[in-house]
Amino acid sequence: MSLAEYAVMFVLVAIMGGGIPGPGDASLIAAGALAGVGKLNIWIVLATAIVAWVLGSAIGFVIGARGGRPLLDHPGRLEKRRRTLLAKGDRAFGRHTFVASATLPAFVSGIFHVRFWLFMLGALVAGIFWIGIYVGISYLLGAEIARLVGKIGTKGLIGVIMLVVVGLLIRAGLSKWRANRQARLAEQDPPKVEATQD
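Please read all numbers here as calculations on a predicted model, not as lab measurements.

(A) The packing of helix 1 (residues 3-17) against helix 2 (residues 24-36), seen in detail. Where helix 1 contacts helix 2, the axes come no closer than 8 Å and their chain directions differ by 145 degrees. Both helix 1 and helix 2 take part in a crossing whose hand is left-handed. Seen from helix 1, the contacting residues are Glu5, Met9, Leu12, Val13 and Met16; seen from helix 2, they are Gly24, Asp25, Ser27, Leu28, Ala31 and Leu34.

In structure tokens form, the structure reads like this:
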């Protein structure tokens, strides 16, 4: 058992808790699988993950509260989408504060100035739920996951990861192409002039 596995998991889960997408989920699954085959202690994995989640959530909340709204509420690229997001968030957090805190990224709760104790309660509930699911299932299937990874080998695993990355890049490229195409079409359409009656 190495401290490095726990430290890497801690950092990745803290980043995920702050609301930044990344390999935090994968690190929880890997840690659960390693605990399932006896290489890590399941209780240390769970405790480390929950502490990391709560710490990351608190940092994300503070970042959102201090500088998040000005980042979203300024003129420029994607202004309409950002303002729509703010309007939807104002409605969601106005009515369903706890649920929104438990389901949305931490910095979003900071942007909408949710009461900190309520946010932390929601973050703790969400963290315990998701960490329990990821670590619990991978712990129970640890030996099976290790056998499967052993069968496909490192090259196969890297190949699957590369396919996922290529797929995400293609999707991002298509989204950008569609947005540019819609912008060009909007520029080409002349404004309609209404006829006035005198």
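(B) Molecular detail of the packing of helix 2 against helix 7 (residues 116-140). Where helix 2 meets helix 7, the closest approach of the two axes is 7 Å, and the angle between their N-to-C directions is 40 degrees. Taken together, the axes of helix 2 and helix 7 are oblique relative to one another. By crossing handedness, the relation of helix 2 to helix 7 is classed as right-handed. Listed contacts from helix 7 to Asp25, Leu28, Ile29, Gly32, Ala33, Ala35 and Gly36 of helix 2 are Ile131, Tyr134, Val135, Ser138 and Tyr139. Split by residue class, the contact of helix 2 with helix 7 holds eight nonpolar, three polar and one charged.

(C) Fine view of the side chain of Ser57. Along the polypeptide, Ser57 turns up in helix 3 (residues 42-72). On the accessibility criterion, Ser57 (1% relative accessible area) is buried. A polar atom in the side chain of Ser57 sits 3.1 Å from the backbone oxygen of Gly17. Non-local contacts of Ser57, meaning those with residues more than four positions away in its chain, are made with Gly17, Gly18, Ala106, Phe119 and Ala123.

(D) Structural view of a nonpolar patch on the surface. On the surface, Phe129, Trp130, Ile133, Ile137, Tyr139, Leu140 and Leu141 cluster together into a nonpolar patch covering about 710 Å² of accessible area. Within the fold, Ile137 resides in helix 7. Residue classification places Ile137 among the partly exposed residues on the basis of a relative accessible area of 48%.

(E) A look at the packing of aromatic side chains. Scanning the model with the defined rule gives five aromatic pairs in all. Both rings, one in Phe61 and one in Phe116, keep their centres 5.2 Å apart while their planes meet at 65 degrees; by these two values the pair is edge-to-face. A residue pair is termed long-range when its members are at least 10 positions apart, and Phe61 in helix 3 and Phe116 in helix 7 qualify at 55 residues. Centroid distance Phe129 to Trp130: 5.0 Å. Interplanar angle 80 degrees. Geometry classified as edge-to-face. For Trp130, a relative accessible area of 42% corresponds to the partly exposed category. Through a chain of ring-to-ring contacts, three or more aromatic side chains come together here, namely Phe61, Phe116 and Phe119.

About the cut-offs
The residue count restarts for each chain, going from 1 along the sequence in the order it is written. Selection of residues for local features in this predicted model requires a pLDDT of at least 70, selection of side-chain atom pairs for listing and counting requires 80 or more, and totals for whole chains, interfaces and linings are taken over all residues. Excluding hydrogens and water, the side-chain figures rest on all heavy atoms present in the structure. Under this scheme, a helix contributes an axis fitted over its contacting stretch, all axes are lines through C-alpha atoms, and angles between N-to-C directions fall in the 0 to 180 degree range. In this description a helix means any DSSP run of H or I spanning at least four residues, a strand means any run of E spanning at least two, and both kinds are numbered starting from the N terminus. Helix crossings fall into two classes, left-handed where the near helix is turned counterclockwise from the far one by less than a right angle and right-handed where it is turned clockwise. Note on contacts: a residue pair qualifies if any of its non-hydrogen atoms lie within 4.5 Å across the two residues. For this classification, under 35 degrees means roughly parallel, over 145 means roughly antiparallel, 65 to 115 means roughly perpendicular, and everything else is oblique. All residues other than Ala, Val, Leu, Ile, Met, Phe, Trp, Tyr, Cys, Pro, Asp, Glu, Lys and Arg, Gly among them, are scored as polar; the first ten of these are nonpolar and the last four charged. Burial here depends on accessible area, computed with a 1.4 Å probe over protein chains only, as a share of the maximum for the residue type. Under 20% is buried, over 50% is exposed, and the range in between is partly exposed. Side-chain atoms alone can form a polar contact between residues adjacent in sequence; in general such a contact is a pair of N or O atoms within 3.5 Å, and within protein one must be able to donate a hydrogen while the other accepts it. The patch calculation keeps residues exceeding 30% relative accessible area without a salt bridge and links them within 9 Å when they carry like charges or within 5 Å when they are nonpolar (Val, Leu, Ile, Met, Phe, Trp, Tyr). Accessible surface is estimated by sampling points in the Shrake-Rupley manner with a 1.4 Å probe; for residues, cover comes only from the protein chains shown. Salt bridge, as used here, is a side-chain nitrogen of Lys or Arg placed within 4 Å of a carboxyl oxygen of Asp or Glu. Two aromatic rings, drawn from Phe, Tyr or Trp (for Trp, its six-membered ring), form a pair once their centres lie within 6.5 Å of each other, and the interplanar angle then sorts them: stacked below 30 degrees, edge-to-face above 60, tilted otherwise.

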